[in-house]
Amino acid sequence: MSRNAELYELQKKLYLKIEFVQACNYSNVETDEEQYRQHKEMIKALYERNEKQLVSVLTLHIEKFHNLKSDPAINENIQALSAAVPNLK
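Note that the structure is a prediction, hence the values are computed from the model and not measured.

Draft legend 1. Local environment of the packing of helix 2 (residues 32-47) against helix 3 (residues 51-65). Where helix 2 meets helix 3, the axes come as close as 8 Å, and the angle between the chain directions of the two elements is 155°. It follows from the interaxial angle that helix 2 and helix 3 lie roughly antiparallel. The element helix 2 and its partner helix 3 pack so that their crossing is left-handed. Contacts between helix 2 and helix 3 involve Glu34, Gln38, His39, Glu41, Met42, Ala45 and Leu46 from the former and Gln53, Leu54, Val57, Leu58, His61 and Lys64 from the latter. Among the residues forming the contact of helix 2 with helix 3, the class breakdown is 6 nonpolar, 4 polar and 3 charged.

Draft legend 2. Main features of the pattern of salt bridges. Scanning the model with the defined rule gives 4 salt bridges in all. When the shortest N-O distance is used, the salt bridge between Glu41 and Arg37 registers 1.9 Å. Note that Glu41 and Arg37 are positioned in helix 2 at a spacing of 4 residues, about one turn of the helix. Residue Arg37 is classed as partly exposed on the basis of its relative accessible area of 38%. The salt bridge involving Glu48 is made with Lys44; its shortest N-O contact spans 3.5 Å. A single network of salt bridges, built from pairs that share partners, joins Glu34, Arg37 and Glu41.

Reading the values: rules and limits
Residues numbered from 1 in each chain as written. Predicted model: local features only at pLDDT ≥ 70, side-chain atom pairs only at ≥ 80, totals over all residues. Heavy atoms only, no water. Axes fitted to C-alpha atoms, helices over the stretch in contact; angles between N-to-C directions. Helix = DSSP H or I, 4+ residues; strand = E, 2+ residues; numbered from the N terminus. Parallel < 35°, antiparallel > 145°, perpendicular 65-115°, else oblique. Left-handed = near helix turned anticlockwise from the far one by under 90°. Contact = heavy atoms within 4.5 Å. Nonpolar A, V, L, I, M, F, W, Y, C, P; charged D, E, K, R; others polar. Salt bridge = Lys/Arg side-chain N within 4 Å of Asp/Glu carboxyl O. Buried < 20%, exposed > 50% of the residue type's maximum accessible area, 1.4 Å probe, protein only.

Next comes the structure, spelled out in C-alpha cells:
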C-alpha cells in the first residue's frame, strides 16, 4: 500500500478513527487479562483454521468492545466476511 497514496491516506484516516473510538471507550474496556484471553482465542482459531470459532470469538469481541449488544445487522455483516468465496473459473 505504500505505493498507492490514496489507499495510504485512507488507511491512515481509518487508524485515526479507530484510535479515537478506542480512547473514547477506554473506561468500558475489559481487564487486561480478559483482553489477552480473547486475543489468545482468536490466535488459536486462526492457527487451527477454525473459521466458525474465529467468527464467533471476533463477533463477541467486537460486540463487547463497541457495546453493540446483539445488533443483527452488525453480526450478519461480520459473519458474511467468512462466507466462502465462489470459484470464478
